[in-house]
Amino acid sequence: MTPLALIIQARGGRVEGSDRALDQGRNAERFDFLRARGVLLHPQDGSGVRAGQILVTSAAVEETIPDVQAARRIGATVTTRARLLADLFNSAALSVGVAGTSGKSTTVGMIGWILHRADKSPTIMNGADMTNFVAAGSPFASARIGAGEAFVSEVDESDGSIAFFQPRVAVVNNISLDHKSLDELRTLFRGFVAKAETVVLNLDNAETAALLVDLKPGQAVTYSLGDPHADLLAGPPVRSPAGIAFEVKTRDTGVIAVNLQVPGLHNAANALAALSAAKACGVALPEAAAYLGEFSGIRRRLEVVGTANEITVIDDFAHNPDKIAATLETMHAFPGRLLLMFQPHGYGPMRLMKDALVDCFASGMHDDDVLVMPEPVYFGGTVDRSVGSREIAFEIERRGRKAFAFPDRGACGDTLIGLARRHDRIVVMGARDDFALAVRE
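Residues numbered from 1 in each chain as written. Predicted model: local features only at pLDDT ≥ 70, side-chain atom pairs only at ≥ 80, totals over all residues. Heavy atoms only, no water.

**Quick look at the packing of helix 9 (residues 265-280) against helix 10 (residues 285-292)**
Helix 10 packs onto helix 9 with a crossing angle of 135° between their chain directions and a minimal axis gap of 9 Å. Considering the angle they form, helix 9 stands oblique to helix 10. Classified by chirality, the crossing of helix 10 by helix 9 is right-handed. Between helix 9, through Ala271, Leu275, Ala278 and Lys279, and helix 10, the contact on the second element is made entirely by Leu285, Ala288, Ala289 and Leu292. (Axes fitted to C-alpha atoms, helices over the stretch in contact; angles between N-to-C directions. Helix = DSSP H or I, 4+ residues; strand = E, 2+ residues; numbered from the N terminus. Parallel < 35°, antiparallel > 145°, perpendicular 65-115°, else oblique. Left-handed = near helix turned anticlockwise from the far one by under 90°. Contact = heavy atoms within 4.5 Å.)

See the structure below:
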């Protein structure tokens with residue numbers, strides 16, 4: 001909601017709002033940031049809702065929330081974050097929508113940075129803070145308001161809102177089980193790419209590659225880490241703990257060198273997607289590759305938050321099986337035991353992904369790695385909480401790995417600190433919070 005609020009405000013709108021986190025005393029720095037930019041904040045008790053306003057709700061806001069009830073009672077317009085974002089996105093002359101189960105935030109950040117450096121002044125709507133745009137007076141940089149034609153945004157399939165978006169350039173990184181069944185996801189993604197002039201697809205993901213069947217000749221631009229049929233093909237990577245380098249073979253530009261400041265094969269794939277989208281926006285590939293080398297990453301995406309006594313703490317947003325597998329693969333490219341904490345984003349997604357979560361941890365962990373899990377994040381609502389983290393930890397242990405469930409994050413933190421020894425890496429994954437910083441301190 002923060003980036004959307006900033007975009008609306010920059011376009012002349014008056015923004016007010018509420019959040020249960022504000023009422024609960026959490027995320028004070030973000031709310032102070034919004035207040036400093038003229039956003040008026042209210043308790044989430046209905047008192048801030050008035051006739052003539054448009055109430056915009058996130059997917060986490062239920063009909064029982066007092067603000068929603070107040071808006072219904074006085075006849076104020078109620079819409080959703082996704083619908084408002086789609087209206088802004090669809091009105092742009094050059095709309096670039098980035099979809100897929102994993103990699104959206106990083107790919108949006110990469111495309112946005114390339115277009116910014118190419119003097120196209122894009123508006124960027126991201127689900128995470130882009131470190132290239134973080135400044136002393138602007139610690140939260142999940143949005144950038146530009147003056148150009150381009151509007152680059154994440155597009156979310158988890159709530160079905162991807163159906164609202166009409167992209168000129170559609171990027172699909174991958175499709176895998178997350179918040180919806182695969183059948184539902186296939187329908188949503190087919191509808192999304194059918195609207196686009198240019199569709200950027202990952203041939204390394206079978207579900208994404210299958211979208212080619214329904215596209216017109218010349219509509220798709222494909223990329224791959226290994227498929228020679230791709231329009232952009234990455235060569236053998238050279239890894240380092242802080243980045244990855246590789247050459248890209250293209251059909252019309254020859255070979256281009258890419259040197260990323262962010263590590264992992266998954267980021268090489270994200271970079272290929274960004275290069276493909278940038279080309280569709282009129283940026284030459286060699287120029288785009290040079291700008292990609294300046295991209296410094298996204299907060300909570302393998303973010304090193306501190307090192308002490310030769311123990312490194314890494315904060316990562318990985319919350320579904322694909323993201324977790326990519327994080328474990330990237331971490332295990334270099335020596336050192338992993339001490340993992342994973343907090344599921346919610347009880348509903350955890351139930352849907354239970355078997356896949358068990359499999360990705362059991363397959364991706366090494367013998368000496370340790371996983372600790374608190375209960376899923378929960379700040380209120382009516383969700384079924386009958387299945388918790390204990391069931392997942394138990395199944396991972398049955399597969400021969402070390403996994404423990406605890407009632408809260410404090411117990412997880414104490415366990416991690418008690419286990420840690422020199423050369424270990426503590427990786428905190430899952431729900432959005434500042435837990436990794438607390439462990440560091």
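From this point, things continue past the structure.
**Details of the nonpolar core**
The tendency in soluble globular proteins is for nonpolar side chains to be buried as a group. By size, the foremost hydrophobic cluster in this structure holds 48 residues, and its most contacted members are Ile111, Phe246, Leu260 and Leu275. Counting residues per element, this core draws most heavily on helix 9, which supplies nine residues. Grouped together as the second largest cluster of nonpolar side chains are 28 residues, Ile7, Ala99, Ala170 and Leu201 included. (Core = buried A, V, L, I, M, F, W, Y, C linked by side-chain atoms within 4.5 Å. Buried < 20%, exposed > 50% of the residue type's maximum accessible area, 1.4 Å probe, protein only.)

**Details of the sheet that holds strand 18 (residues 338-343)**
Read from one edge to the other, the open sheet built from six strands follows the order 16-17-21-18-19-20, with strand pairing classed as mixed. Each edge of the open sheet is held by one strand with a lone partner, namely strand 16 (303-308) and strand 20 (402-405). Pairwise comparison of adjacent strand axes, ignoring direction, gives a mean angle of 15° for this sheet. Examined bridge by bridge, strand 16 and strand 17 (residues 311-316) share five bridges and lie antiparallel to one another. Of the residues in strand 17, the one forming a bridge with glycine 306 is valine 313. Sheet contacts for helix 11 (residues 321-331): strand 17, strand 18 and strand 21 (425-430); angle to strand 21, the most-contacted strand, approximately 165°. Packed on one face of the sheet, helix 13 (residues 389-398) meets strand 19 (370-373) and strand 20 and runs near 165° to strand 20. (Pairing = 2+ DSSP bridges.)

**As for the pairing of strand 18**
Of all six residues that make up strand 18, six are buried, and the element is covered over most of its length. Along strand 18, one buried face is formed by Leu338, Leu340 and Phe342 and the opposite face, lined by Leu339, Met341 and Gln343, is buried too. As paired elements, strand 18 and strand 19 share three bridges and run parallel to each other. The partner of leucine 340 across the bridge, within strand 19, is leucine 371.

**Structural notes on the pattern of salt bridges**
Close approach of charged atoms allows side chains of opposite charge to pair. All told, the structure shown has 20 salt bridges when counted by the stated rule. For arginine 117, the salt bridge identified is with glutamate 294, shortest N-O distance 2.7 Å. One end of the pair, arginine 117, is in helix 6 (residues 104-117); the other, glutamate 294, is in the loop between helix 10 and strand 16, with 177 residues separating them in the sequence. Judged by its relative accessible area of 31%, arginine 117 is partly exposed. (Salt bridge = Lys/Arg side-chain N within 4 Å of Asp/Glu carboxyl O.)

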